[in-house]
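Summary of structural features
What follows is each chain in one-letter form.
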Amino acid sequence: MELKFTVGGRISKPVAEVFEAVVDPAQLSEFFTTGGAQGRIEAGAEVSWDFHDFPGAFPVLVQEVVPNEKVVLQWEAGDDARTWTTVTITFQELEDGRTYVRINEFGWPGTETGLKSCLGNCEGWTGMLCAMKVWLENGIRLRDGFYK
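Starting afresh in each chain, residues are numbered from 1 along the sequence in its written order. Reporting in this predicted model follows two pLDDT cut-offs: at least 70 for local features of residues, and 80 or more for side-chain atom pairs to be given and counted; totals over whole chains, interfaces and linings ignore these cut-offs and use all residues. Hydrogens and waters are ignored; side-chain quantities use all the structure's heavy atoms.

Once their charged atoms are close, side chains differing in charge can pair, the charge on each being opposite to the other. Each reported salt bridge corresponds to a side-chain nitrogen of Lys or Arg within 4 Å of a carboxyl oxygen of Asp or Glu. Taken as a whole and judged by the stated rule, the model has 7 salt bridges. With its nearest N and O atoms 3.4 Å apart, the salt bridge here joins E64 to K70. Salt-bridge contacts for D144 lead to R141; the nearest nitrogen and oxygen are separated by 3.4 Å. Relative accessible area serves as the criterion here: at 35%, R141 is assigned to the partly exposed category. The structure contains a network of salt bridges with shared partners spanning E20, R40 and E42. A 1.4 Å probe rolled over the protein chains alone gives each residue an accessible area, and that area as a share of the maximum for its type sets the label: buried under 20%, exposed over 50%, partly exposed in between.

This paragraph deals with the nonpolar core. Membership of the largest hydrophobic core comes to 38 residues, with the highest contact counts inside it found for W49, I89, W125 and M132. Strands are runs of DSSP state E lasting at least two residues, helices are runs of H or I lasting at least four, and both sets are numbered from the N terminus onward. In terms of residues, this core owes the most to one element, helix α3 (residues 112–138), which gives 7 residues. Residues belong to a common nonpolar core when they are buried Ala, Val, Leu, Ile, Met, Phe, Trp, Tyr or Cys residues joined through side-chain atoms within 4.5 Å.

This brings us to the layout of surface pockets. In this analysis the probe radius is 1.4 Å and the grid spacing 1 Å, with only protein atoms considered; a cavity is a set of points the probe fits into but cannot get out of, a pocket is an open set with protein on both sides within 12 Å along at least five of seven lines, and lining residues have an atom within 4 Å of a point. Grid points are joined across faces, edges and corners, and a volume is the space filled by probe spheres set on the points. Here the largest pocket defines a volume of roughly 570 Å³. Around the largest pocket, the lining comprises 21 residues; the ones closest to its centre are D53, F54, G120, N121 and G124. Put simply, the parts of the chain that give the lining of the largest pocket at least two residues each are β4 (54–66), β5 (70–76) and α3. Ranked by residues supplied to the lining of the largest pocket, first place goes to α3 with 9 residues. Of the residues that constitute the lining of the largest pocket, the class distribution is 9 nonpolar, 7 polar and 5 charged. Only Asp, Glu, Lys and Arg are considered charged, only Ala, Val, Leu, Ile, Met, Phe, Trp, Tyr, Cys and Pro nonpolar, and every remaining residue, Gly among them, polar.

Let us look at the pairing of strand β1 (residues 3–11). Here β1 shows a clear split, with L3, F5, V7, G9 and I11 buried on one side and none of K4, T6, G8 and R10 buried on the other. For two strands to be treated as a pair, DSSP must find at least two bridges joining them. Of the pairings in the sheet, the one linking β1 to strand β7 (residues 99–108) comprises 9 bridges and is antiparallel in character. Each residue of the ladder has a partner; that of G9, found in β7, is V101.

Contact geometry for helix α1 (residues 15–23) and α3: axes closest at 11 Å, N-to-C directions at 120°. Between α1 and α3, the angle falls in the class oblique. For the pair α1 and α3, the sense of crossing is right-handed. Packed against α1, whose contacting residues are E17, V18, A21 and V22, the element α3 presents M128, M132 and L136 at the interface. The residue makeup of the contact of α1 with α3, split by class, is 6 nonpolar, no polar and 1 charged. Lines fitted to the C-alpha atoms define the axes, with helices restricted to the stretch that makes contact. Angles between their N-to-C directions range from 0 to 180 degrees. Oblique is the label for any angle not covered by the other classes, which are roughly parallel (under 35 degrees), roughly antiparallel (over 145) and roughly perpendicular (65 to 115). Take the far helix as the reference: if the near one is turned anticlockwise from it by less than a right angle, the crossing is left-handed, and if turned clockwise, right-handed. Contact definition: two residues touch when any of their heavy atoms are within 4.5 Å.

See below:
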């Protein structure tokens with residue numbers, strides 16, 4: 001059994017602005033990577049993300065980038081088997097000018113450790129969407145002080 005999830009939400013900003021907030025490490029560091037992001041998300045790149053709640057930079061391999069539409073990443077699942085999962089982030093322009101962001105992650109083994117890691121990442125990506133919405137719409141760093 002493969003474990004996977006999908007989360008999504010609407011952000012009241014144009015798709016180009018929302019997409020740029022994800023691929024630009026300076027912006028990503030404002031609302032998601034509490035320890036900082038290094039490297040712009042571009043196809044074939046290896047970037048690193050650091051989080052206060054999980055100290056130590058994580059390597060992130062960028063598989064595909066379609067500007068204003070999709071980003072596909074791979075990173076370690078955090079299980080004992082050194083499994084890598086695949087994350088797909090899609091951006092959909094809505095008729096009212098907002099952007100719908102959907103995040104899908106899959107690739108964990110159907111084990112207790114895999115389930116724990118899957119649920120943790122689902123929580124993390126949901127928090128990222130909330131923090132991105134608040135940052136882009138109101139300039140508030142929602143995650144400040146939340147983890148450290």
